[in-house]
Structure formats: C-alpha cells, structure tokens
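Listed below are the residues making up each chain.
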Amino acid sequence: MNPARRLAALTLLSSASLASLGAWAQSQAVAGGAYPTKPITIVVGSSPGSTTDGLARAIGAEITAATHVPVVIENKAGASGGIAAQTVARSAADGYTLFITTNTTQAANPHLFRKLAYDPVKDFAPVGALVKGYLLLVTHPRVAARNVTELSAIAKQQDLTFGAGSSSARVAAELFQQMTKTQLTYVPYKANPQAMVDLVGGQVDLMIVDLTTSLPQVKAGKLRALGVSSPRRSPLVPDLPTIAEAGLPGYEISYWNAVYAPAGTPAPVIDRLNALMQKAMTAEPVRRFVEQNGMEPFTSTPAELASFQAAEYRRWGAVIKAAGIQPE
C-alpha cells in the first residue's frame, strides 16, 4: 500500500475508533448514573394548553425532581406536528432532545401527506408509551342538535363545518362522516386550541377533539357536548353517553402519547429515559393530570412501543383510506 493510501486508511480507522470510544464512554457514563448532566429539551408539536403540552410539562417537572436537571418544553406547532418531528429528527442523538408526541406524527401523518420532512420510524428511537386518550364531540350552541342522531340529520340538510388541528381530530370527524354518510366541510388549523377558539366564536360548527381542549368550554356553557369517543363513558362526564350510545353504534377512536428520541441515541440512554418516564407516570401530579384529562396510563418498554407503533400505523392507514382522505 502506498503512503497516501496507508495514511487515509489510518485516518479512517482512527476516526472510527474515536467514534466507538465516544459511544462507549457515553454508555459507561449513563450506566454509572452520570446521565443527565445538562438541561433536557422536550419538543411538543402543539401549542401551550394542549393535552400533549400539559402532559409534557407534568412529566418534565417529575424528571427535574428526580435528576435535579432542568427540563425545557419547546412548543413547535404546525404541519400536524411535522415541524416538531423534523426538529427532533435532526437533533443530536445524545438524549437531551426528546419528542413527546401522538399517533398524529408517528402513525397518521404518513397516510395524510404525500411527502414528510421526517420518517416516523427511521428517524426516531422509541423510548416508551405514556397514555391513551379519547375525544369529545362538541358543537357550537347555534347547531340545534341535542344528540348524535340529530346532528347526523342536520348534517344531511345543511353545510356544517368542522375544525381540526391534529390528525386525530380530523380523522375522528372523517370517520363520523363515513359512518353517518354525511359531508362536512373541513377547516384546517395548526393546533386544536386555535380551532377551539374559532369554534367558541362560531367560525366553525363542530369538532371531535381531546377533552383537555374541549371540556372546559363545555363546562363554561360555551359549547354543547354530544358524546365521547371512548368504548365506555368517561368519569369526567359520567352523564354524557359515548358517541356509540348516542346514536352511532360502533364508533370508537382514541389517541395516544409516547416519547421518542432521535435515531441513534445510545441504548443505555434510552433505558435511563424509559426508567425516568415510568417513574414520572406514577407520580401523583402526573396521575392526577392524566385522570383530569380523561386519559388512561399506557406505559411500555422501547421495544413494545416500536411494535405498537407499527400496528397503529396499519390501523390508522386503514381508517384514513376507508374515510376516503387523499394525501395532501
């Protein structure tokens, strides 16, 4: 081998050795309890006040309490969570930038957009599932419907609009149309709280959206609730029937929240994060937040989340295709 080639080979070998040494050193540091040693950023693909934002803040506070390391919540709403997903996908794979997200980015968006700026599988390392949640069908008071059957009848006679700032909210309404054989006009928003403002203001007629966003407006008398998307009644509104009970048998849809890190994050870091998340989910403030927002704990290992996400990808794809939604 000539001197130039020998030098190139030695340089390449040296770089690879340094990279391996760095990864080994990081793994040893984590195994020794050194991680985390600096602030952690949790990126959320929705605005402040959303369910995911509130959950991230509750969990972040518990991680800080356990590690004495600050946790910063960074809201990046837009593109149905795609902006946040892209941000995390391009971040350093060191455990200091995390993604608390929903089925919107990891299971539904690939079926709703022709092109994504991220890959929901290849660009992320699963950390663990957190919760499952359900949605509330709410209308502006000017809509005369008092139950789901009446809403279906009105929708067949009038041009009603629905707002949605997430794939869950959109697909929930599309599934409603499919099952009732009605046609609603879709009004897109960057986030559900923004859509809720317009629903209260009368710019749109209805939404099927998470309880965090909708229930306070129902309790304030600004919106009318017709049903919940869960298989059984919610303890938060025990007198409100499920959508299936209220006139649409078989209707059921849920969303979920989970934690991801950038692809390539060392396994010891992932395991440490999973342990921190699992511990946070048992803390009273987090448990109270979950219950108050009509959600259910749904924790998992990283491997279980990967398997669950794959199944959800297929399920949401089937629902979106059956609803006749064309990728944008």
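Just so it is clear, the model here is predicted, and its values are computed rather than measured.

A.B. asks: Help me get a handle on the overall build of the chain, residues and values and all.
C.D. replies: When helices and strands are counted, the chain shows 11 helices and 10 strands. Burial status across the chain gives 52% buried among its 328 residues. Of all intrachain contacts in the chain linking residues separated by at least 6 positions in sequence, the fraction that spans at least 24 positions is 77%.

A.B. asks: Describe the environment of E252, with residues and values.
C.D. replies: Mapped onto the elements of the fold, E252 is located in the loop between strand 8 (224-228) and strand 9 (254-262). Residue E252 is classed as partly exposed on the basis of its relative accessible area of 44%. Taking C-alpha positions, E252 is 6.2 Å from P231, a pair spaced 21 residues apart along the chain. Dropping the residues within four chain positions of it, E252 is found in contact with L175, S229, S230 and P231.

A.B. asks: Outline the pattern of salt bridges, supporting the account with residue identities and numerical values.
C.D. replies: By the definition in use, this model includes nine salt bridges. R170 is the salt-bridge partner of E174, the closest N and O atoms lying 3.6 Å from each other. Of this pair, E174 and R170 both sit in helix 6 (residues 167-180), four residues apart, which is roughly one turn of that helix. Since its relative accessible area comes to 12%, E174 is described here as buried. Measuring nitrogen to oxygen at the nearest pair gives 3.0 Å for the salt bridge that ties E328 to R170. On the criterion of sequence distance, the pair formed by E328 in the segment after helix 11 (302-322) and R170 in helix 6 is long-range, its members being 158 residues apart. In this structure E328 comes out as partly exposed when scored by relative accessible area, which is 48%. Overall, R170 belongs to the buried group, its relative accessible area being 11%. Connected through salt bridges with shared partners, the residues R170, E174 and E328 form a single ionic network.

A.B. asks: I'd love a proper account of the packing of helix 2 (residues 51-67) against helix 10 (residues 284-292), names of residues and values included.
C.D. replies: At a minimum axis separation of 9 Å, helix 2 and helix 10 run at an interaxial angle of 170 degrees. Classified by the interaxial angle, the pair formed by helix 2 and helix 10 is roughly antiparallel. Note on packing geometry: the crossing formed by helix 2 with helix 10 is left-handed. Only P285, V286, F289 and V290 of helix 10 make contact with helix 2, whose side of the interface consists of T51, G54, L55, A58, I59 and E62. Residue composition of the contact of helix 2 with helix 10, grouped by class: seven nonpolar, two polar and one charged.

A.B. asks: Before we move on, can you summarise unusual backbone geometry with the specific residues and values?
C.D. replies: Following Y35, the chain continues to P36 via a peptide bond in cis, the omega torsion being -5 degrees. Not every positive phi belongs to a glycine, and H68 is a case in point at roughly 65 degrees. Positionally, H68 belongs in the loop between helix 2 and strand 2 (71-75). For H68, a relative accessible area of 70% puts it in the exposed group. Unlike most non-glycine residues, S80 shows phi in positive territory, near 55 degrees. Tracing the backbone shows S80 in the loop between strand 2 and helix 3 (82-89).

A.B. asks: Provide a residue-level description of helix 3, including the pertinent values.
C.D. replies: Every α-helix winds through 3.6 residues per turn, so residues three or four apart in the chain are directed the same way. For helix 3, the set of buried residues is G82, A84, A85 and V88. The arc that holds the buried residues of helix 3, viewed along the axis, is 160 degrees, so those residues lie on one side. On its buried face, helix 3 sits against strand 1 (40-44), strand 3 (97-102), helix 4 (103-112), strand 4 (124-139) and strand 9.

A.B. asks: Break down the confidence of the model for the chain for me, citing the residues and quoting the values.
C.D. replies: In regions of low pLDDT, the predicted coordinates are not meant to be interpreted in detail. This prediction gives the chain a mean pLDDT of 90; 90% of its residues lie at or above 70. Below pLDDT 50 for its whole length, residues 7-29 participates in eight contacts with residues either more than four positions away or in separate chains.

Parameters at a glance
Residues numbered from 1 in each chain as written. Predicted model: local features only at pLDDT ≥ 70, side-chain atom pairs only at ≥ 80, totals over all residues. Heavy atoms only, no water. Helix = DSSP H or I, 4+ residues; strand = E, 2+ residues; numbered from the N terminus. Buried < 20%, exposed > 50% of the residue type's maximum accessible area, 1.4 Å probe, protein only. Contact = heavy atoms within 4.5 Å. Salt bridge = Lys/Arg side-chain N within 4 Å of Asp/Glu carboxyl O. Axes fitted to C-alpha atoms, helices over the stretch in contact; angles between N-to-C directions. Parallel < 35°, antiparallel > 145°, perpendicular 65-115°, else oblique. Left-handed = near helix turned anticlockwise from the far one by under 90°. Nonpolar A, V, L, I, M, F, W, Y, C, P; charged D, E, K, R; others polar. Arc of directions from axis to C-beta. pLDDT = per-residue confidence, 0-100.

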